[in-house]
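Commentary on secondary and tertiary structure
As a plain string of letters, each chain reads:
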Amino acid sequence: KREKMLKKIVKSTAILAIFVSSLSAANFNAGAEKDRLEMIKFFEAKFEDPAKNKDRFFTYFTEEELEQKYDKNLKHMDFNIGSYAYSKDARSQYEALKEMPPYEDAIEKGEVLYTKKFANGNSLQTCFPDLTNAGAYPYYDKNKKELISLTKAVNDCLRANGEKEWGTKKGPMAEFQAYWVNESKEAGKKFDIKINSKAEKEAYERGKEYYYTQRGYLKLSCATCHIQGSGQRVRNEVLSPLLGQVTHFPVLRLKWTDIGTVERRLSGCVVDQGQVPPKDESQTMIELLYFLAYMSNDMPVDGPDVRK
């Protein structure tokens, strides 16, 4: 009887531990999930009817311009293609470019890099046997106690195998990521960023703080342009929304004429703010990516892609 009672106690304790663990994970995740859902509501409301929302969000436009050039009744998943979701002119150019995707060559080069042997006989395939998980990055490595981005994961693999690390903005890094992300897209994967610990929650909060902090001589934040300013024009560009902002990387920008990583784009934005960007493999940069990727949770992996 005593033995049976002990077994019941052990079993009950195990069940309780699992319950507490899942409850704790939900608690760590709660703030971020509230942020994400509120942001979805904000963008759906903003682009429900731009002409109707002129006085609130689009004061520098005419009602006629908003009626003619902007789509309305946009929903969460529409924002996966950035500003092309609401700008009719930009979307028509985008759709024309997609008929003959200029990034297909990068995907092919990335596939070659995937199986190319290192000096020790290993390859990137040794490190990454499954390429359908791009939407899970960045993730928190409990052993290293740090966030790992796609870019850092690739260079960690190269360094661990005695190979020279790659540049983080273009070239082989962007080409291999194009292949990796495309594999995830073809597998129908979505962004699925986890926040299951205090360390992950704190990393998310630091990334969020970076996004909302004004910096540089212009006193701009990422949010200035991509939340409040989303849909506004800067020169000939229509500013993209926070939702879905990282789902399509790496991208071939017409301005670059080649394919580049998300770090390349983020660094350029920070420079435009009049500030020195964080190093691409730094925790500051990866925390910013962690925040952005979480805000795109449940949206399809949609890279590589093309942008102006």
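Overview of the structure.

The rules behind the values
Residues numbered from 1 in each chain as written. Predicted model: local features only at pLDDT ≥ 70, side-chain atom pairs only at ≥ 80, totals over all residues. Heavy atoms only, no water. Phe/Tyr/Trp six-rings, centres within 6.5 Å; stacked < 30°, edge-to-face > 60°. Buried < 20%, exposed > 50% of the residue type's maximum accessible area, 1.4 Å probe, protein only. Lys NZ or Arg CZ within 6 Å of the ring centre and 35° of its normal. Helix = DSSP H or I, 4+ residues; strand = E, 2+ residues; numbered from the N terminus. Contact = heavy atoms within 4.5 Å. Polar contact = N/O pair within 3.5 Å; in protein donor to acceptor, adjacent residues only side chain to side chain. Core = buried A, V, L, I, M, F, W, Y, C linked by side-chain atoms within 4.5 Å. Disulfide = S-S within 2.5 Å.

Regarding the packing of aromatic side chains
All told, the structure shown has 25 aromatic pairs when counted by the stated rule. Ring centres 5.2 Å apart and planes at 85° place the aromatic pair Phe42 and Phe43 in the edge-to-face group. The class for Phe43 is buried, based on a relative accessible area of 0%. The ring of Tyr210 carries Arg215 above its face, with NZ or CZ at 3.7 Å from the centroid.

A word on the environment of Asp35
Position of Asp35 relative to the elements: it lies in helix 1 (residues 2-46). In this view, Asp35 contacts Tyr204, Lys208 and Met295; residues no more than four positions away in its chain are not counted. Only 3.0 Å separates the side chain of Asp35 from the side chain of Lys208, close enough to count as a polar contact.

Topic: unusual backbone geometry
For the peptide bond that leads from Phe249 to Pro250, omega is 0°, which places it in the cis range. Tracing the backbone shows Pro250 in the loop between strand 4 (237-238) and strand 5 (251-253). Despite not being glycine, Asn73 has its phi angle at roughly 60°, a positive value. Following the sequence through the fold, Asn73 ends up in the loop between helix 3 (63-69) and helix 4 (88-98). In the Ramachandran plot, Lys219 falls in the positive-phi region, its phi being about 55° despite a non-glycine side chain. As for its position among the elements, Lys219 is in the loop between helix 9 (198-212) and helix 10 (222-228). Judged by relative accessible area, Lys219 falls into the exposed class, the value being 55%.

What to know about the nonpolar core
Ranked by size, the top nonpolar core spans 80 residues in total, and within it Leu124, Phe128 and Phe176 carry the most contacts. In terms of residues, this core owes the most to one element, helix 12 (residues 283-295), which gives 10 residues. With near-sequence residues (within four places) excluded, Leu124 lies in contact with Leu113, Tyr114, Phe118, Val154, Cys157, Leu158, Trp166 and Phe176.

Things to note about the state of the cysteines
Such a bond, covalent and formed between the sulfur atoms of two cysteines, is termed a disulfide. Enumeration over the complete set of coordinates arrives at 1 disulfide. Across a sulfur-sulfur distance of 2.1 Å, Cys127 and Cys157 are joined as a disulfide pair. As the torsion about the S-S bond is roughly 80°, the Cys127-Cys157 disulfide counts as right-handed. With a gap of 30 residues between them, Cys127 in helix 6 (residues 124-127) and Cys157 in helix 7 (residues 150-160) connect regions that are remote in the sequence. By relative accessible area, which is 30% here, Cys127 ends up partly exposed. Owing to a relative accessible area of 4%, Cys157 belongs among the buried residues under this scheme.

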